[in-house]
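# A closer look at the structure
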Amino acid sequence: MGEPYRVRPHHREVTFHCVADNLRQSFRALAGGRPRGSLLELPGVSIASLGVTFQMFNAAFPSEPIETRTALEERLRAAKNHFDSQALRWAFWVCEDWLAPGVRRRLSRTCETWGLRLSSDMPGMAAKGIQRPARKLPDITVRRVQSAQTLDDFRALGSACFHVPISWFSEVFDAGMAAHDAFVCWVGYRDGLPAATAATVSAHGVIGLYNVATAPEYRQRGYGEAITRYAIDAALRESGLLEESTPVVLQSTSEGLRLYRRMGFQPVTRVLVYSSIP
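Below or above, wherever it landed, is the structure these notes cover.

Scoring rules and cut-offs
- Residues numbered from 1 in each chain as written.
- Predicted model: local features only at pLDDT ≥ 70, side-chain atom pairs only at ≥ 80, totals over all residues.
- Heavy atoms only, no water.
- 1 Å grid on protein atoms, 1.4 Å probe; cavity = no way out; pocket = protein on both sides within 12 Å on 5 of 7 lines; lining within 4 Å.
- Points joined across faces, edges and corners; volume = space filled by probe spheres on them.
- Helix = DSSP H or I, 4+ residues; strand = E, 2+ residues; numbered from the N terminus.
- Nonpolar A, V, L, I, M, F, W, Y, C, P; charged D, E, K, R; others polar.
- Phe/Tyr/Trp six-rings, centres within 6.5 Å; stacked < 30°, edge-to-face > 60°.
- Buried < 20%, exposed > 50% of the residue type's maximum accessible area, 1.4 Å probe, protein only.
- Lys NZ or Arg CZ within 6 Å of the ring centre and 35° of its normal.
- Core = buried A, V, L, I, M, F, W, Y, C linked by side-chain atoms within 4.5 Å.
- Contact = heavy atoms within 4.5 Å.
- Polar contact = N/O pair within 3.5 Å; in protein donor to acceptor, adjacent residues only side chain to side chain.
- Disulfide = S-S within 2.5 Å.

Before going further, it helps to spend a moment on the layout of surface pockets. It is the rolling of a water-molecule-sized probe over the atoms that shows where space remains empty. Of the volumes computed, that of the largest pocket is approximately 1400 Å³. Taken together, 47 residues make up the lining of the largest pocket; nearest its centre are F162, V212, A213, T253 and E255. Among the secondary structure elements, those contributing two or more residues to the lining of the largest pocket are α1 (16–31), β5 (116–128), α5 (148–162), α6 (166–172), β9 (206–214), α7 (223–239), β10 (247–251) and α8 (257–263). Of the residues forming the lining of the largest pocket, the biggest block, six residues, is contributed by β9. Considering only residue class, the lining of the largest pocket consists of 26 nonpolar, 13 polar and eight charged. The computed volume of the second largest pocket comes to approximately 160 Å³. Surrounding the second largest pocket, 13 residues form its lining, D181, A182, V184, V201 and S202 being those nearest its centre.

A few words on the packing of aromatic side chains. Considering all chains together, one arrives at 17 aromatic pairs under this definition. Ring geometry for F54 against F57: centres 5.4 Å apart, planes inclined by 55°, an arrangement best described as tilted. Comparing F54 with F57, the two get one shared label, buried. Ring pairs connect the aromatic residues F27, F54, F57, F61, W93, F154, F162, W168, F169, F173, F183 and Y210, which therefore count as one cluster. The positively charged end of R143 is found above the aromatic ring belonging to Y189, 4.5 Å away from the centroid.

Let us now look at the nonpolar core. Of all hydrophobic cores here, the largest spans 65 residues; its most connected members are F57, F92, W93, F173 and F183. For this core, the element with the most residues is α1, which contributes nine residues. Discounting chain neighbours no more than four positions away, the residues touching W93 are L23, F27, M56, A59, A60, F61, P62, M122, V271, L272 and V273. Formed by 29 residues, the second largest nonpolar core is a distinct cluster that contains A196, A213, V248 and F265.

Further remarks concern the side chain of S63. For S63, the position within the fold is in the loop between β3 (58–62) and α2 (69–85). A residue is classified by how much of its surface remains accessible, and S63, at 13% relative accessible area, is buried. Of note is the side chain of S63, whose polar atom sits 3.3 Å from the backbone nitrogen of V45.

Quick look at the state of the cysteines now. Following the criterion strictly, the structure yields zero disulfides and no others. Residue C111 stays outside any disulfide, its sulfur separated by 14 Å from that of C95, the closest cysteine. Accessibility expressed as a relative area gives 0% for C111, which makes it buried. Not engaged in a disulfide, the cysteine C185 finds its nearest cysteine sulfur in C161; these two sulfurs lie 14 Å apart.

Attention now moves to unusual backbone geometry. A negative phi angle is the norm for most residues apart from glycine, just as the trans form is the norm for most peptide bonds. Backbone geometry places A87, a non-glycine residue, at a positive phi of 55°. By secondary structure assignment, the location of A87 is in the loop between α2 and β4 (91–95). With relative accessibility at 68%, the residue A87 sits in the exposed group. A positive phi angle is found at H204, which is not glycine, with a value near 55°.

Structural data, given as structure tokens:
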């Protein structure tokens, strides 16, 4: 398993490290205890893999700055060797601020030589203190994923919204999620029907927001904002953190960017994901 990853002491400052470290911790939370999971620290690269079909969740992350192309290739080689030994497709998740400018410019070209192609490019965003709603939000009933029904609803909505096969999504969010304390999932219901989902990971004084999804028929009506605010408030209550001093981080889709800016989030980095080429 290797030495635990050392979280940097300046988490209270809203820097890209807040995004990078919480993102990695979210994968560690999901991977821990899995029969095919891997939590491994290699020189300059951290492995947090669920051992699943969906390669985005068999992940490698930089664990220190990358100054040269040679250093990048050493990390990619180490990660590839590990995943090849497990016969798994995988993904390299990197906040661009880990990379020196010259390495950053050639990142896609270098990754392609190691069988990886850019699959996601997302702003990594952070906020200290969430702005008040600018409009009245709809009433929803929010339930924590702690039963077979809420888990099925969380899977189905996530699968549809993120365009991932339900079998893949169900493998990632398996039956163990009902008892999970580190990766907390929520489903928001309107008139008994699942309308939106969200999840949070609280670690080292930072709250990470993940898996925000809204069913198509409920979009542009405030349901995504309602479940987002509920999940953040619940994480603050459960962790005992103070809202005005607690960084909240996320990776935004293009659809969610306007909402998150309205709530007070600002970009602090770009999160790039390079996945195994089929």
